[in-house]
Amino acid sequence: MLFDLRYALRVLLKNPGFALTAILALALGIGANTAIFSMVNSVLFHPPGISEPDRVVAVRVRYDKLNMKSIGTSVMDFKDVRDHGDIFEAVATSSMGSMNYLHGDLPVRLMSAQVTYRWFDVFGATPILGRTFSSEEDVKGANFVAVLSYPTWDRYFGKDPGIVGRTISLNQQPYKVIGVMPAAFVRPSQAELWVPLGLPPSEFSPNNRHNQHLSTVARLRAGIPFQRAQATARVITERVLQNEDPQGYAKSSLWGVFLVPYMELVAGDLKTPMLVLMGAVVFVLLIVCSNIAGLMLARASSRGREIALRAVLGAARWQLIRQLWAESALLVIPGGLLGCAAAYAGIQVLLKLAPEDLTKGFTVQMDVRVLLFTAAVSLAAGILFGLAPAWQLSRTDHFESLKEGGRSGTAGRMKQTLRTALASAEIGLALILLVGAGLFIRSLNELQQVNAGFQAKGVLTGTTVLPATRYKKEEEQANFYRSVVDRLQTLPGVQIAAAAIPLPFSGDDWSASFKIDGRPQPPGDPGPHGSVRYITPRYFAAMGIPIRMGRAFTDQDRLGADRVAIVDDALVAQYWPNENPIGKRIRQGQSGPWETIVAVVGHVRHSDLAADSGKGTYYYPIYQDPAPYVSFVLKNSGGRLESALRETVRSVDPNQPVFAIKPMDEWIAESLGSRRFAVTLMSGFALIALFLSAIGVFGVISYGVTQRTQEIGIRMAIGAERTQVLGMILTGGLKLAGAGILAGLIGAAILTKLLSSQLFHVNPFDPVTFAGTAIVLLLVALLASYLPARRAMGVDPMVALRYE
């Protein structure tokens, strides 16, 4: 084998152009596979910063009748899971919030995760400085301690190793920093610091059973399978239904607790697109291998007499095949190493191309698993592109090869057929990728045409959170919002100023059940349910939401005034299908105040352009029912208002930062970020495949012209026209492409069916995409064939007749 490797090295050094081309092509294919696998590994299988992630589960709740398939948990759900210590090694829960921090003279907002003290134990995470929370600190009134994330420690404290023990001001309260977490750990992904949740004993009440506002996670004990833990969740569900559900509410709502592998929950909608991309780069690697196999076949043909002589002098067939494998190995090793370097650079590019909300708190590491994957891919690639010449060698009659070589030195029909088959395979694989990219592009375009129910263009938004320590009374909150909105209305360029919470497409979707006055609710009936929004009077005008009937909120709808509400036409269709709802009364809970409906407005898609839940929405005036935070909405006539928005808020309260300042259409664009990212990558890989397949067609036709030079000369010597030669070569190229396109269309019809769940208003067998892709590939194949065909037209018959 060492002799074979030495000989293979000498052979490759004599052909540096071939060796360099093959190594670079391999680096491209292997690097793309390694880069995408690194992301898949970090997202789906082995995320950095989590020890034994397969033991971490998320606790979820469902209300099937209310079409709420997977939501957060209540305090009581958290307690029930925590009580099963025989199944769960650690259980914790969290609630996201934010805290104001004065960085120099500038107030900034930090996303804070309020967590119970075993949060870090669930993930097996340890701090790089200090410690995490103790049970004594996870108590209301004794929880003024904080753990910083690595980015927060870096950005605001300059990685000061003396930060532990220092007191900082958060929400104008002193907090003691007790630890710093490593860069790889950011759970939840938005967290910039952690503080104890400090749940008071009063929260652990059956009355809070259906107040799901927490995110609960748990670590399974070693050796406990997921199925057994899931069975425990079913036991909890049955106990609650039997013992805590006298009104039958949970049972009639089809309520239940269940578990989800934590990484599956975190991956969410990314799982399928990432697996699709993984399949795409595998196709790219297959095309690369086909190209290299074609090159090796061409070289094997040119070395046909050498190999035949070695065979007749006594070399066994397996020794000849081993020689070819040695050459493959010498291509694979540097190709794999360059692929790793390309993957590392590619990962950095991918993280910059990916939407910020996908990559925040996300790190990709080239760990042992990734390196093993690269080694496996490299080995598989070497085997793949070494198969064709090895198969050809195993079927060759070397005595005939010597005679054939002595006659003409041309390749046999079998050898050329195999190269043609490989080029056709490249065309087929490229067509599958192009069809997939085309379907994704059409789907994204269809989504961008969806009417969200409001006018996003020319609307700027920014959010602020009022700390409870500073704004304790509802009147103080309402006065703050009114003062800011009134001042914003006077800014140059501002047409309409308003405020609302939560904003469409901001990631928040508040919802609640309500009662309708005069409409009895049967025992166990979960009752009407809808999304809830809190707005200022001119919000509908700022957002371009049409008022179907009635009036908008006014400044008179404030604290102490008669309670009012507005519903959208989706809610009307659900609960007042044949009635005029204006003047009807609704209320939240069993004893809340009644609100009179004063208007009906158009329905708004609040979170997803692709799958509107159809859930109706009801609105409350924020001056009458203040919320703890709000987003300001500015309908503007042009110009930059970001700084003016910040300064206006600070003019009312110098300690209040404004964050997430962005145009409304950017919120919508971000909701399509994962789809757009997948489309970008899929299109890029498809174009690479198209380029490689064109090179493959060009190589096969060009090599065929070279080998048929004497034949072409004879044809021209006996009267063939140059146009006939051109037609002959182009016909060969089109036949090659046609076979590949036919196979690709069949493969695409099978595989694109798997993409149907990722498409929006696009048929996975869309004839326009299939036909357009086939035409593009035919044109590319025609162009790739034309260049060698022109060379064939220029053959001098007298020179060709002497050609050997």
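If you're wondering where the values come from, they're calculated on a predicted model, not measured in any experiment. Along each chain, numbering runs from 1 in the same order as the chain's sequence is written. Per-residue local features are limited, in this predicted model, to residues with pLDDT of at least 70; the limit for side-chain atom pairs, both in listing and counting, is 80 or more; totals at the level of whole chains, interfaces and linings are taken over all residues. Hydrogen atoms and water are omitted, and side-chain values are computed over all heavy atoms in the structure.

A.B. asks: Provide a residue-level description of the overall build of the protein, including the pertinent values.
C.D. replies: The secondary structure content of the protein amounts to 25 helices and 22 strands. In terms of overall dimensions, the protein has a C-alpha envelope of 105 × 55 × 55 Å along the principal axes. Scored against the burial criterion, the 804 residues of the protein give a buried share of 52%. Contact criterion: two residues are considered in contact whenever any of their non-hydrogen atoms come within 4.5 Å of each other. Here the contacts in the protein between residues at least 6 apart in sequence split such that 81% fall between residues at least 24 apart. Accessible surface is estimated by sampling points in the Shrake-Rupley manner with a 1.4 Å probe; for residues, cover comes only from the protein chains shown. For the protein, the accessible surface area stands at approximately 35400 Å², while carbon and sulfur atoms represent 58% of it. Computed over 77 positive and 62 negative side-chain charges, the separation of the two mean positions in the protein equals 8 Å. For the purposes of this entry, the term helix denotes a DSSP run of H or I that reaches at least four residues, the term strand denotes a run of E that reaches at least two, and both are numbered from the N terminus. Relative accessibility decides the category of a residue: with a 1.4 Å probe and only protein chains considered, values under 20% of the type maximum give buried, values over 50% give exposed, and everything between is partly exposed. In this tally, Asp and Glu contribute negative charge and Lys and Arg positive charge; neither His nor the terminal groups of the chain are included. Lys charges are placed at NZ, Arg charges at CZ, Asp charges at CG and Glu charges at CD.

A.B. asks: If you had to explain the confidence of the model for the protein to someone new, which residues and values would you point to?
C.D. replies: Per-residue confidence from the predictor is reported as pLDDT, a score between 0 and 100. In the predicted model, the protein carries a mean pLDDT of 85, and 91% of its residues have values of at least 70. By mean pLDDT, helix α14 (residues 398–407) is the weakest element of the protein at 51, and strand β10 (residues 215–220) is the strongest at 96. Low confidence marks residues 404–411, where pLDDT is under 50. Its contacts with residues over four positions away, or in another chain, come to 14 contacts.

A.B. asks: Lay out the environment of Ile-695 with the relevant residues and their values.
C.D. replies: The residue Ile-695 is located in helix α21 (residues 673–707) in this model. For the pair Ile-695 and Tyr-471, spaced 224 residues apart in the sequence, the C-alpha separation amounts to 68 Å.

A.B. asks: How would you sum up the nonpolar core? Please name residues and give values.
C.D. replies: By convention a nonpolar core is built from buried Ala, Val, Leu, Ile, Met, Phe, Trp, Tyr and Cys residues, the set being connected through side-chain atoms within 4.5 Å. If you look at the biggest cluster of nonpolar residues, it comprises 124 residues, and the most contacted ones within it are Phe-454 and Tyr-539. Counting residues in each nonpolar core, the second largest holds 43 residues, with Phe-480, Ala-497, Ala-627 and Phe-659 among its members.

A.B. asks: Just give me the short version of the side chain of Thr-648, but keep the residues and values in it.
C.D. replies: Within the secondary structure, Thr-648 is located in helix α19 (residues 642–652). For Thr-648, a relative accessible area of 7% gives the class buried. In contact with Thr-648, not counting residues within four places along its chain, are Val-484, Arg-487, Leu-488 and Leu-491.

A.B. asks: Report on helix α16 (residues 474–489), specifying residues and quantitative values.
C.D. replies: Expected helix span is given by 1.5 Å per residue-to-residue step, counting one fewer step than there are residues. Its 16 residues place the ends of α16 23 Å apart at the C-alpha level, agreeing with the 22 Å of an ideal helix rising 1.5 Å per residue. Considered for burial, the residues of α16 that qualify are Gln-477, Ala-478, Phe-480, Tyr-481, Arg-482, Val-484, Val-485 and Leu-488.

A.B. asks: Outline the pairing of strand β17 (residues 564–568), listing residues and values.
C.D. replies: The element β17 is extensively covered by neighbouring structure, given that five of its five residues are classed as buried. Covered by surrounding structure in β17 are Val-564, Ile-566 and Asp-568 together with Ala-565 and Val-567, the residues of both alternating faces. As paired elements, β17 and strand β19 (residues 595–601) share five bridges and run parallel to each other. Looking at the pairing, Val-564 lines up with Thr-596 of β19. One requirement defines pairing of two strands: DSSP has to find at least two bridges between them. Two strands pair when backbone bridges link them, and β17 and strand β20 (residues 617–621) are joined in this way by two bridges, in the antiparallel orientation.

A.B. asks: Describe a nonpolar patch on the surface, naming the residues involved and giving the relevant values.
C.D. replies: The grouping of Leu-734, Ile-775, Leu-778, Leu-779 and Leu-782 at the surface amounts to a nonpolar patch, some 410 Å² of accessible area in total. In terms of residue count, helix α24 (residues 767–793) provides more of the nonpolar patch than any other element does, four residues in total. As for its placement among the helices and strands, Leu-778 is situated in helix α24. Exposure above 30% relative accessible area and the absence of a salt bridge qualify a residue for a patch, where like charges join within 9 Å and nonpolar side chains (Val, Leu, Ile, Met, Phe, Trp, Tyr) within 5 Å. Throughout this description, the term salt bridge denotes a Lys or Arg side-chain nitrogen within 4 Å of a carboxyl oxygen of Asp or Glu.

A.B. asks: I'd like a description of the environment of Leu-265, backed by residues and values.
C.D. replies: Mapping Leu-265 onto the fold places it in helix α8 (residues 262–267). For Leu-265, a relative accessible area of 32% corresponds to the partly exposed category. Along the backbone, Leu-265 and Leu-44 are 221 residues apart, and their C-alpha atoms lie at a distance of 9.5 Å. Sequence-distant contacts of Leu-265, that is, excluding residues within four places in its chain, are made with Ala-58, Arg-60 and Val-260.

A.B. asks: Quick rundown of the pattern of salt bridges? Include the residues and the values.
C.D. replies: A pair can form between side chains of opposite charge whenever their charged atoms are brought close. Enumeration according to the criterion identifies 26 salt bridges in this entry. Note that Lys-79 and Asp-83 form a salt bridge whose closest N and O atoms lie 3.0 Å from each other. Owing to a relative accessible area of 26%, Lys-79 belongs among the partly exposed residues under this scheme. Among the salt bridges present, the one from Asp-80 reaches Arg-239, with a minimum N-O distance of 2.8 Å. Of the two residues, Asp-80 is situated in helix α3 (residues 75–82) and Arg-239 in helix α6 (residues 226–243); the sequence distance between them amounts to 159 residues. Assessed through its relative accessible area of 31%, Arg-239 is described here as partly exposed. A single network of salt bridges, built from pairs that share partners, joins Asp-77, Asp-80, Arg-209, Arg-239 and Glu-244.

A.B. asks: Break down the packing of aromatic side chains for me, citing the residues and quoting the values.
C.D. replies: The aromatic pairing rule takes the rings of Phe, Tyr and Trp, using the six-membered ring of Trp, and pairs them if the centres are within 6.5 Å, calling planes under 30 degrees apart stacked, those over 60 edge-to-face and the rest tilted. Evaluated as defined, the whole model comprises 23 aromatic pairs. Seen in terms of ring centroids, Phe-144 and Tyr-175 are 5.3 Å apart; in terms of plane orientation they differ by 70°. Their pairing is edge-to-face. Of this pair, Phe-144 sits in the loop between β5 (129–130) and β6 (145–148) while Tyr-175 sits in strand β8 (residues 173–180), and the two are 31 residues apart along the sequence. A residue is classified by how much of its surface remains accessible, and Tyr-175, at 10% relative accessible area, is buried. Measuring from centroid to centroid gives 5.7 Å for Phe-514 and Tyr-575, while their planes differ by 85°, and the two rings are edge-to-face. Separated by 61 residues along the polypeptide, Phe-514 in strand β14 (residues 511–516) and Tyr-575 in helix α18 (residues 569–575) bring together distant segments of the chain. In terms of burial, Phe-514 and Tyr-575 fall into one category: buried. In this structure an aromatic cluster arises from ring pairing among Trp-119, Phe-120, Phe-123, Phe-133, Phe-185, Trp-194 and Tyr-262. Two conditions define a charge located above a ring, namely a distance within 6 Å from the ring centre to NZ of Lys or CZ of Arg, and an angle within 35 degrees of the ring normal. Over the aromatic face of Phe-659 sits the side chain of Arg-109, whose NZ or CZ is 3.5 Å from the ring centroid. Above the ring of Trp-667, the side-chain terminus of Lys-662 is found at 4.2 Å from the ring centroid.

A.B. asks: Quick rundown of the packing of helix α22 (residues 709–717) against helix α23 (residues 722–751)? Include the residues and the values.
C.D. replies: To define axes, lines are fitted to C-alpha atoms, for helices over the stretch in contact only, and angles between the resulting N-to-C directions are given on a 0 to 180 degree scale. Closest axis-to-axis distance for the α22/α23 pair is 10 Å, and the angle between their directions is 145°. Judged by the twist between their axes, the crossing of α22 over α23 is right-handed. Within the contact between the two elements, α22 uses Glu-711, Ile-712, Arg-715 and Met-716 and α23 uses Arg-722, Val-725 and Met-728. Crossing handedness is read from the near helix: turned anticlockwise from the far helix by less than a right angle, it gives a left-handed crossing, and turned clockwise, a right-handed one.

A.B. asks: Tell me about unusual backbone geometry, residues and numbers included.
C.D. replies: That bond from Arg-187 to Pro-188 is cis: its omega, 0°, falls within 30 degrees of zero. Assignment of secondary structure puts Pro-188 in the loop between β8 and β9 (193–196). For the peptide bond that leads from Ile-501 to Pro-502, omega is -10°, which places it in the cis range. Note that Pro-502 resides in the loop between β13 (494–501) and β14.

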